[in-house]
Amino acid sequence: MNEHASPPAARSRLWQQINQAAAEGLFRLQVCAACKHVQYPPQEFCSQCLADGLTWENVNPLGKVLSWTTTHASTNQFFKGVLPFHVGMIKLDCGPVMVAYLAASCLQTGSIVQVTGRPDRSGQTVFVAAAPGSDPLREFSNILTKEVKHDPSQ
Amino acid sequence: MLPYEDVALVAATSLPYVKRSERSAAWFIGMTFARMLERSGLRKHDVDGLAVASFTLAPDSVVGMTEYLDISPRWLEQIPMGGASGPVAARRAARAVQAGDADIVACIGGDTATADTFASLVKDFSRFSTDAVFPYGAGGPNTVFAMITRNYMEQYGARRDDFGLICTAQRENALAAGRAIFNKPLSMEDYLNARPISEPLHLYDCVMPVAGADGFLVMSVTRAEALGLSYARLLAAGERHNAWSGDDVHFRAGWRRYRDEMYDLAGLAPGDIDFLQTYDDYPVISMIQMEDLGFCEKGEAPEFVRGCPLTWNGGGLPHNTCGGQLSAGQAGAAGGFLGTVEAIRQLTETGLPNQVAGARTGIASGYGMVNYDRCLCTSAIILGRGNP
């Protein structure tokens, strides 16, 4: 692994809210105050009712695997050092479809997963989907940072 | 929808694709423009409309192109739709010509490719992508389309060798056409044994980023005939974006929403179409176009490709007759023009090495812009042979 390389760190301004929630050990997404639509990826107004009233709320982190891939190639130096790994599309019970790292034990369509936000080696939050109750850090230790400020399982 | 009356597409022009170039996108677009003038016998000031699609033209835009070319158009359009841009350009230029807003419109898609243009393009492709896809491996569109492909395989029983039928047939077409970067035969064994990129996608399911440009001119049939140009007639066109946004995983797209109207307008049915040029960023997307454009029902494309030869001379449905992007490479937004330009070429030229015998009608469809977990833009045109 190239020790100096890092995953992409660029995010939108709204992503700071995701980082904050992850630091608190919480799974917080935008919810529309008017129509209760859960929005992901984050944006500045509700895509459904167009209300200017999205608020950050704790939502159910459970979902199921819609599809997945095993990545063997990347244009990024950091990822070249940690290949291969799995990425899934997760249908969250609260509504949105989320792209997330996916644990090897969940490589099956329909698998029930819990999604957790953790900082990767760039310091920005990424989401990891794994069997409920399992430790996402274990399998993705080469991608996630070990410095977790708060562990929700404790 | 108003009919597209007496709209001609002429001077199909491709600037040969190269793997890397130090030239700018403006050079690729400008040289394509020059060749189109040469082929049509027009002077540059005869062109009063310009539509451009490009990912790498920045900090310039179509506006800057007017100064590079030193022309003074009265109709100007930049189409930020990537793989959907060719048919969209044809459609919008046709309406401009019909309305009298422009007499002759040059439509050009072109991009350069340096060592890092592709990496920087996928890094900043969209805000949703930057936040929620790119961080997961920086795989570009491969990550998302691998998952779309797996879902399609599981839902409809598609196998890797079904995708292989599309890829190997296109390589046969590319070898016949003689213009593609990938100019070695591709066997099914080669296809199946290729290294994995983002499973279930392997090397030959993915397009290689290259530099290049494609373009055509749009004018009235009267004008084309007065100039003595061989032309294709625009019979119908459509575009639809972000269709079926509620589908959890992408398995259909906007074509299904306007195809019936297009066939009605053209007075044709899928069975009357002599060739099909789909947008082939990944073979599963070609399958989805075959379904959504009505060549078979949803989920039946795997069976369709097993039974229907896709080569230019196979007697089935000639598909991506120049080899498509899977053989030519993906020259950025020019990839959105490749099928349209090949369709015009098939209907206006004679003696092509990959000529579809007796072709009188064809479809070119486009697909572009993976904003989050699917591409949002779709487009399609039906063309007919103009000159008898």
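The shown structure was predicted, so the numbers you read here are calculated from the model rather than taken from an experiment.

Draft legend 1. Fine view of the overall build of chain B. When helices and strands are counted, chain B shows 14 helices and 11 strands. Taken over the C-alpha trace, chain B has a radius of gyration of 19 Å; the compact-globule value for 388 residues is 21 Å, and the two agree within 12%. Reported as C-alpha extents along the three principal axes, the dimensions of chain B are approximately 55 × 45 × 40 Å. Here chain B holds 388 residues, and 63% of them are scored as buried. Counting only contacts in chain B whose residues sit at least 6 apart along the sequence, the fraction spanning at least 24 positions is 77%. Carbon together with sulfur atoms contributes 48% to the accessible area of chain B, which is approximately 13,600 Å² in total. Computing the positive centroid from 33 side-chain charges and the negative centroid from 44, chain B places the two 2 Å apart.

Draft legend 2. View of the domain arrangement of chain A. Residue and element names in this part refer to chain A. Split into domains, chain A comes out as domain 1 (12–59) and domain 2 (61–145). A C-alpha centroid distance of 20 Å is found between domain 1 and domain 2. Taken together, the contact between domain 1 and domain 2 spans 10 residues of the former and 12 residues of the latter. A buried area of about 1,000 Å², summed over both sides, lies between domain 1 and domain 2, and 68% of it is on carbon and sulfur atoms. Taken together, the links from domain 1 to domain 2 amount to zero salt bridges. Run the count over domain 1 and domain 2 and you get three residue pairs in polar contact (both at pLDDT 80 or more). Split into classes, the residues belonging to the side of domain 1 that touches domain 2 amount to eight nonpolar, two polar and no charged.

Draft legend 3. Representation of the interface of chain B and chain A within the structure. Between chain B and chain A, the contact holds 27 residues from the first and 37 residues from the second. Across the chain B/chain A interface, buried area totals approximately 2,900 Å², and carbon plus sulfur atoms make up 59% of it. Looking at the side of chain B facing chain A, the largest losses of area belong to Asp131, Tyr136 and Met147 of chain B, adding up to 25% of the total buried there. Counting every contact that joins chain B to chain A gives two salt bridges. Between Arg127 of chain B and Glu44 of chain A there is a salt bridge; the shortest N-O distance is 3.5 Å. Our enumeration of links across chain B and chain A arrives at 17 residue pairs in polar contact (both at pLDDT 80 or more). Looking at the side of chain B that touches chain A, the elements with two or more residues in it are α4 (117–123), α5 (127–132), α6 (141–156) and β5 (196–199) of chain B.

Draft legend 4. Up close: the domain arrangement of chain B. All names here are of chain B. As far as domains go, chain B holds domain 1 (7–115 + 211–226) and domain 2 (117–208 + 232–385). Just the C-alpha atoms count here: the centres of domain 1 and domain 2 sit 22 Å apart. Tallying the contact residues gives 45 residues for domain 1 and 41 residues for domain 2. Buried surface at the junction of domain 1 and domain 2, both sides included, amounts to about 3,100 Å², of which 68% is carbon and sulfur. Between the two partners, domain 1 and domain 2, sit three salt bridges.

Draft legend 5. Layout of the packing of helix α1 (residues 25–40) of chain B against helix α2 (residues 62–69) of chain B. Residue and element names in this part refer to chain B. Interhelical geometry of α1 versus α2 gives an angle of 60 degrees and a closest axis separation of 11 Å. With respect to their mutual orientation, α1 and α2 come out oblique. At the point where α1 passes α2, the crossing takes the right-handed sense. Between α1, through Ala26, Ile29, Gly30 and Phe33, and α2, the contact on the second element is made entirely by Met65, Tyr68 and Leu69.

Draft legend 6. Representation of the sheet that holds strand β4 (residues 105–111) of chain B within the structure. Residues and elements named next belong to chain B. With mixed pairing, nine strands are arranged side by side in an open sheet as β3-β2-β4-β7-β1-β8-β11-β10-β9. With one partner strand each, in any of the chains shown, β3 (75–78) and β9 (275–277) form the two edges of the open sheet. The sheet shows a mean angle of 20 degrees between the axes of neighbouring strands, direction not considered. Across nine bridges, strand β10 (residues 361–370) lies against strand β11 (residues 375–385) in antiparallel orientation. For Gly362, the partnering residue across the bridge sits in β11 and is Leu383.

Draft legend 7. The packing of aromatic side chains, seen in detail. By the definition in use, this model includes 18 aromatic pairs over all chains. With a centroid separation of 5.8 Å and 85 degrees between ring planes, the pair formed by Tyr40 of chain A and Phe127 of chain A is classed as edge-to-face. With a gap of 87 residues between them, Tyr40 of chain A in the loop between β2 (38–39) and β3 (54–58) and Phe127 of chain A in strand β8 (residues 125–130) connect regions that are remote in the sequence. As far as the burial class goes, Tyr40 of chain A and Phe127 of chain A line up, both buried. Judged by centre distance (5.7 Å) and plane angle (40 degrees), the ring pair of Phe216 of chain B and Phe337 of chain B falls under tilted. Remark: Phe337 of chain B occurs in helix α14 (residues 335–348) and Phe216 of chain B occurs in strand β7 (residues 211–220); sequence separation between them is 121 residues. Under the relative-accessibility criterion, Phe337 of chain B is labelled buried at 0%. Three or more aromatic residues joined by ring pairs make a cluster, and in this case those are Trp15, Phe27, Tyr40 and Phe127 of chain A together with Phe128 and Tyr372 of chain B. One cation-aromatic arrangement involves Arg257 of chain B over Trp244 of chain B; the distance from NZ or CZ to the ring centre is 5.6 Å.

Definitions and cut-offs
- Counting of residues starts from 1 at the beginning of each chain's written sequence and follows it residue by residue.
- Here chains are named by letter from A upward and ligands by number from 1 upward, in the order in which they appear as written.
- It should be noted that, the model being predicted, local features are given only for residues of pLDDT at least 70 and side-chain atom pairs only at 80 or more, the latter also being counted only at that level, while totals for whole chains, interfaces and linings use all residues.
- Calculated side-chain values reflect all of the structure's heavy atoms, with hydrogen atoms and water omitted.
- Segments assigned H or I by DSSP are reported as helices when at least four residues long, segments assigned E as strands when at least two residues long, and all are numbered from the N terminus.
- Taken over C-alpha atoms, the radius of gyration is set against a globule rule of 2.2 Å times the number of residues to the power 0.38.
- Note on exposure labels: buried denotes an accessible area under 20% of the residue type's maximum, exposed denotes more than 50%, and partly exposed covers the range between, all computed with a 1.4 Å probe on protein chains only.
- Contacts: residue pairs with any heavy atoms within 4.5 Å of one another.
- To be clear on the numbers: accessible area is Shrake-Rupley with a 1.4 Å probe, and residue cover counts the displayed protein chains and nothing else.
- For the purpose of charge, His is not counted, nor are the chain termini; Lys and Arg are scored as positive and Asp and Glu as negative.
- Charge placement uses NZ in Lys and CZ in Arg. For Asp and Glu, CG and CD serve respectively.
- A domain assignment, automatic or from a database, supplies the domain bounds used here.
- Accessible-area loss on putting two parts together, using a 1.4 Å probe and summing over both, is the definition of buried area adopted here.
- A pairing counts as a salt bridge when a side-chain nitrogen of Lys or Arg comes within 4 Å of a carboxyl oxygen of Asp or Glu.
- Contacts described as polar in this section are N or O atom pairs within 3.5 Å, which, within protein, must combine one atom able to donate a hydrogen with one able to accept it, while residues neighboring in sequence count only if both atoms come from side chains.
- As a working rule, the residues Ala, Val, Leu, Ile, Met, Phe, Trp, Tyr, Cys and Pro are called nonpolar, Asp, Glu, Lys and Arg charged, and the rest polar, with Gly in that last group.
- Angles here are taken between N-to-C directions and fall from 0 to 180 degrees, while the axes themselves are lines fitted to C-alpha atoms, restricted in helices to the stretch in contact.
- Should an angle lie under 35 degrees it is considered roughly parallel, over 145 roughly antiparallel, and from 65 to 115 roughly perpendicular; all remaining angles are considered oblique.
- We call a crossing left-handed when the near helix sits turned anticlockwise from the far one by less than a right angle, and right-handed when that turn is clockwise.
- Any two strands between which DSSP finds at least two bridges are classified as paired.
- When two rings of Phe, Tyr or Trp (its six-membered ring) have centres within 6.5 Å they constitute a pair, described as stacked for plane angles under 30 degrees, edge-to-face for angles over 60, and tilted for the intermediate range.
- A positively charged side chain is recorded as over a ring if its NZ (Lys) or CZ (Arg) lies within 6 Å of the ring centre. The angle to the ring normal must also be within 35 degrees.

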